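# Observations on chain architecture
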Amino acid sequence: MPRPILATIHPAALQHNLARARRAAPDAKAWAVVKANAYGHGIERAYEGLRSADGFALLDLEEAQRVRALGWRGPILLLEGVFEARDLELCSRLDLWHAVHCDEQIDMLAAHKTNVPHRVFLKMNSGMNRLGFTPERFRSAWSRLNALTQVDEISFMTHFSDADGPRGIAHQIRVFNQVTRDLPGERSVSNSAATLRHTRPDDETTPGNDEALASDWIRPGIVLYGSAPDFPEHNITDWDLLPTMTLSSKIIATQSIDTGDSVGYGSKFVAERPIVVGVVACGYADGYPRICPTGTPVLVAGVRTRTLGRVSMDMLAVDLTPLVAAGQAVGFGTEVTLWGRASNGAVLSIDEVAQHAGTLGYELMCALAPRVPVQVQVQD
């Protein structure tokens, strides 16, 4: 029999989270962002839950081919555009839309021989300072693109650096609007945090900013996968999001230890009283962060408890004392939920685990190890 560790993908939760993003921007079309293999969920596994999107946004041609192979005939957007001239041939063949963020990409288009003009999204660097034309150079880039027979419709996009925090988006959206105001074309500006925090709230109880933000296309990414883009200010319950990935395992051994006894490598945990320790078949080789300290939350039989000591390659330890004290039978084979939803419905958000590791839920999703078996839950 294989080790009991298992990742479960929840398509119904993906569908719910996409609908939640749409409610925040009801007049906009929605890209489902599936870069990084759908944030570690697997494009093929996530597809059913996201196929009600208006388009799929991703990074590379291989991912675009996989989406087309699933039967998708709608828009697909390459968020970073093409990386070399020959990529444009596949864009033509697969009918891909693509970002243009630098002069080199315009040069490639100008030299490209095609009978079918391309739909492009011209990107502005409005303050993120990663990709895009500066506001001072944006209109000249548009003029170059607009003059090319290889280019059909030109849309506009930018990316916010602080949509999830107190600085907000005003400084960037002001520049973006000023430069693009009289240019024809659709706009795509709202990432996950901007969609939830800076577009029109769907009801009076929604937390966030009620400042209206117009976007013809929103680009929800992390919210689709059940992670709050502005955690810990808001959690997934605040935003009405559901976890889309559950990492679960089982207890494979128990130990009763006395005061002064230690657990794991380096004796990083020393018991201050007698406790019952459960050993779980999960470690950093499965994608669980080694850096997670004692006290990282975990669910055992759906009951919240904590990890103990260092995470090993293949195992970690959890505190069973709260369950034993409550008279609950726990031992070999008891369910453990590292993040996601337990079988009794209890939820441990991936954001909480990531916070203890000093990182984000994004990284944990993407770091799920290849050796972990993955299943898709047919019914939620």
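An account of the accompanying structure is given in this report.

What counts and what doesn't
Residues numbered from 1 in each chain as written. Predicted model: local features only at pLDDT ≥ 70, side-chain atom pairs only at ≥ 80, totals over all residues. Heavy atoms only, no water. Patch = residues over 30% accessible without salt bridge, like charges linked within 9 Å, V, L, I, M, F, W, Y side chains within 5 Å. Areas by Shrake-Rupley, 256 points an atom, 1.4 Å probe, with all protein chains shown as cover. Salt bridge = Lys/Arg side-chain N within 4 Å of Asp/Glu carboxyl O. Helix = DSSP H or I, 4+ residues; strand = E, 2+ residues; numbered from the N terminus. Core = buried A, V, L, I, M, F, W, Y, C linked by side-chain atoms within 4.5 Å. Buried < 20%, exposed > 50% of the residue type's maximum accessible area, 1.4 Å probe, protein only. Contact = heavy atoms within 4.5 Å. 1 Å grid on protein atoms, 1.4 Å probe; cavity = no way out; pocket = protein on both sides within 12 Å on 5 of 7 lines; lining within 4 Å. Points joined across faces, edges and corners; volume = space filled by probe spheres on them. Pairing = 2+ DSSP bridges. Axes fitted to C-alpha atoms, helices over the stretch in contact; angles between N-to-C directions. Left-handed = near helix turned anticlockwise from the far one by under 90°. Nonpolar A, V, L, I, M, F, W, Y, C, P; charged D, E, K, R; others polar.

## Topic: a nonpolar patch on the surface
- A cluster of nonpolar residues, I252, M315 and F332, forms a patch on the protein surface that exposes about 320 Å² of accessible area.
- Inspection of the secondary structure assignment puts M315 in the loop between strand 15 (303-308) and strand 16 (316-319).

## Some words on the nonpolar core
- L50, L122 and L145 are the most contacted members of the largest nonpolar core, which totals 110 residues.
- When sequence neighbours within four positions are dropped, the list of residues in contact with L145 reads V100, I106, L109, V120, L122, V151 and I154.
- By size, the runner-up hydrophobic cluster in this structure holds eight residues, among which are I257, F269, V277 and L308.

## A look at empty space enclosed by the protein
- Overall, the coordinates contain two cavities of 30 Å³ or more when judged by the stated rule.
- There is about 50 Å³ of room inside the largest cavity.
- Space inside the second largest cavity adds up to approximately 30 Å³.
- Around the second largest cavity, the lining residues are Y225, G226, P243, T244, M245, W339, I350 and M365.

## Some thoughts on the sheet that holds strand 7 (residues 151-158)
- The strand order around the closed barrel formed by eight strands is 2-3-4-5-6-7-8-9, and the pairing between neighbours is parallel.
- Taken together, the three bridges between strand 2 (residues 29-33) and strand 3 (residues 55-58) define a ladder with parallel strand orientation. Within strand 3, the position partnered with A32 by the bridge is F56.
- Of the strands in this sheet, strand 4 (76-78), strand 5 (97-100) and strand 6 (118-124) are in contact with helix 5 (residues 87-94), which crosses strand 6 at around 125 degrees.

## So, the packing of helix 7 (residues 135-146) against helix 8 (residues 170-180)
- Their axes nearest at 10 Å, the elements helix 7 and helix 8 cross at an angle of 35 degrees. Once helix 7 is placed against helix 8, the crossing between them reads as right-handed. In this structure, helix 7 contributes P135, F138 and R139 to the contact, and helix 8 contributes V175, V179 and T180.
- Within the contact of helix 7 with helix 8, the residues separate by chemical class into four nonpolar, one polar and one charged.

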